[in-house]
Amino acid sequence: MVHAALAPAQNSVQKLEEVQHQPLHDVRTPFETATFGMGCFWGCDSLFGATKGVLRTRVGYAGGTTDDPKYKSLGDHTEVIAIDYDPKKITYMDLLKLFWNNHEYGITRRMKRQYTSLILYHNEEQREIAEASLAHEQVQRAPEKIITEVLQAGPFYPAENYHQKYRLQGHADLAKSIGLTSDLLLTSHVAARLNGYLIGVGGLEQFESEAGLLGLSKEHVQYVREYVIQNEGGGIFC
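So, a few notes on the structure that sits alongside this text. (Residues numbered from 1 in each chain as written. Predicted model: local features only at pLDDT ≥ 70, side-chain atom pairs only at ≥ 80, totals over all residues. Heavy atoms only, no water.)

## Some words on the state of the cysteines
If you walk through the whole model with that rule in mind, you get one disulfide. For Cys44, which is in no disulfide, the shortest distance to another cysteine sulfur is to Cys40 and amounts to 7.5 Å. Using a relative accessible area of 5% as the deciding quantity, one classes Cys44 as buried. (Disulfide = S-S within 2.5 Å. Buried < 20%, exposed > 50% of the residue type's maximum accessible area, 1.4 Å probe, protein only.)

Quick look at the structure:
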C-alpha cells in the first residue's frame, strides 16, 4: 500500500518553486498507444510512467457506452490508463508483461465494471498480440480462469485532474516548481516519470541515469532521489 503524500525529510529541498530549470514536458518522439484496465488507475499510472520507453501517460474511462462518464457516474466504463510509448525502445509485448503481472485486484476474480481487467487494442497487430498473450497466460494460470477482456479501443475520457499523476500531485511544491498545469497533467513527459520515481518505480540506478535528461535542477534531483531510495521495492497500488 502506497500513500499519496510523504512528509519531506528535514534536509529536503526548500522553496522548490524558486529553482531555475527547464523541465522536459514535451517529447516529440514517434509513438504508439496502449490502453489497459488494471484496477485502480493510480498505481499503474506510476508503474508505466517510470517504465523505460514510455513517453506519456494519462488515466481515464473507456470500454463502455455511457456518454461523458465521470468518476462518480461511470456507467459501464472502466478505469484505464492510456500509454504513449516509443516502439523502438519498448514493445507492446513488454507492456503486456507489466499488465499481466501488476493488477491490483487480480485477473481471475470478477470485479465490478469500474475495476475489470481490460485490454483495449488500437490496431489489428495489437489485437493479435493481446489475444495470443491472453491465451499464453491462461495456460500458465490454469485451472484458474482469466476474466480479462480484449476489446477494440473506442472513445477515451480523461479522468478528473485530481486523478492524473496522483503521486506527483502529493508533492505540491515539486509539482508547482516544474510548472505542472492541468493540461500538462495529461501530456508531460517529466511528470509521468516523476509520478513513478517518487514511489520507487524504476529504482535509483535508472533514475540517476536519466535525471539529467529530464530538465531537473540539482535540487530537484536531490529531492526525488530521497524518495526513490525510501520507496524502492515497495508497492505501487492505491
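Having seen the structure, we can now continue with the description.
## Thoughts on the pairing of strand 3 (residues 78-85)
For strand 3, a buried count of eight out of eight residues is recorded, marking the element as mostly surrounded by other parts of the structure. Of the two faces of strand 3, the one lined by Thr78, Val80, Ala82 and Asp84 and the one lined by Glu79, Ile81, Ile83 and Tyr85 are each fully buried. Of the strand pairs in this sheet, strand 2 (residues 54-62) and strand 3 are connected by eight bridges, and their pairing is antiparallel. From the neighbouring strand, Val54 faces strand 3, where its bridge partner is Tyr85. (Helix = DSSP H or I, 4+ residues; strand = E, 2+ residues; numbered from the N terminus. Pairing = 2+ DSSP bridges.)

## As for the nonpolar core
If you look at the biggest cluster of nonpolar residues, it comprises 58 residues, and the most contacted ones within it are Phe36, Phe48, Ile119, Leu168 and Val224. Excluding residues within four positions of it along the chain, Phe48 makes contact with Phe36, Met38, Val54, Thr57, Ile81, Ile83, Leu95, Leu98 and Phe99. (Core = buried A, V, L, I, M, F, W, Y, C linked by side-chain atoms within 4.5 Å. Contact = heavy atoms within 4.5 Å.)

## Topic: the side chain of Glu79
Within the secondary structure, Glu79 is located in strand 3. Within the buried core, Glu79 has no salt-bridge partner, and the shortest N-O distance to an opposite charge, that of Lys112, equals 7.6 Å. Of note is the side chain of Glu79, whose polar atom sits 3.0 Å from the backbone nitrogen of Phe41. Side-chain polar atoms of Glu79 contact the side chain of Gln114, separated by 2.6 Å. (Lys, Arg positive; Asp, Glu negative; His and termini not counted. Salt bridge = Lys/Arg side-chain N within 4 Å of Asp/Glu carboxyl O. Polar contact = N/O pair within 3.5 Å; in protein donor to acceptor, adjacent residues only side chain to side chain.)

## Some words on the packing of helix 1 (residues 41-49) against helix 7 (residues 189-197)
At a minimum axis distance of 7 Å, the contact between helix 1 and helix 7 shows a crossing angle of 110 degrees. As the angle between them shows, helix 1 and helix 7 are arranged roughly perpendicular. The way helix 1 lies across helix 7 gives a crossing that is left-handed. Every residue of helix 7 that contacts helix 1 at Asp45, Ser46 and Gly49 is listed here: Ala192, Arg193, Asn195 and Gly196. (Axes fitted to C-alpha atoms, helices over the stretch in contact; angles between N-to-C directions. Parallel < 35°, antiparallel > 145°, perpendicular 65-115°, else oblique. Left-handed = near helix turned anticlockwise from the far one by under 90°.)

## Thoughts on the packing of aromatic side chains
One pass over the structure, following the stated rule, counts nine aromatic pairs. On the numbers, 3.6 Å between centres and 5 degrees between planes, the contact of Trp42 with Tyr166 is stacked. In this pair, Trp42 is assigned in helix 1 and Tyr166 in helix 4 (residues 166-169), connecting sequence segments 124 residues apart. With relative accessibility at 22%, the residue Tyr166 sits in the partly exposed group. When the ring of Tyr197 is compared with that of Phe207, the centres are 5.1 Å apart and the planes differ by 65 degrees; the resulting orientation is edge-to-face. Of this pair, Tyr197 sits in helix 7 while Phe207 sits in helix 8 (residues 203-210), and the two are ten residues apart along the sequence. The buried category is assigned to Tyr197, whose relative accessible area is 0%. (Phe/Tyr/Trp six-rings, centres within 6.5 Å; stacked < 30°, edge-to-face > 60°.)

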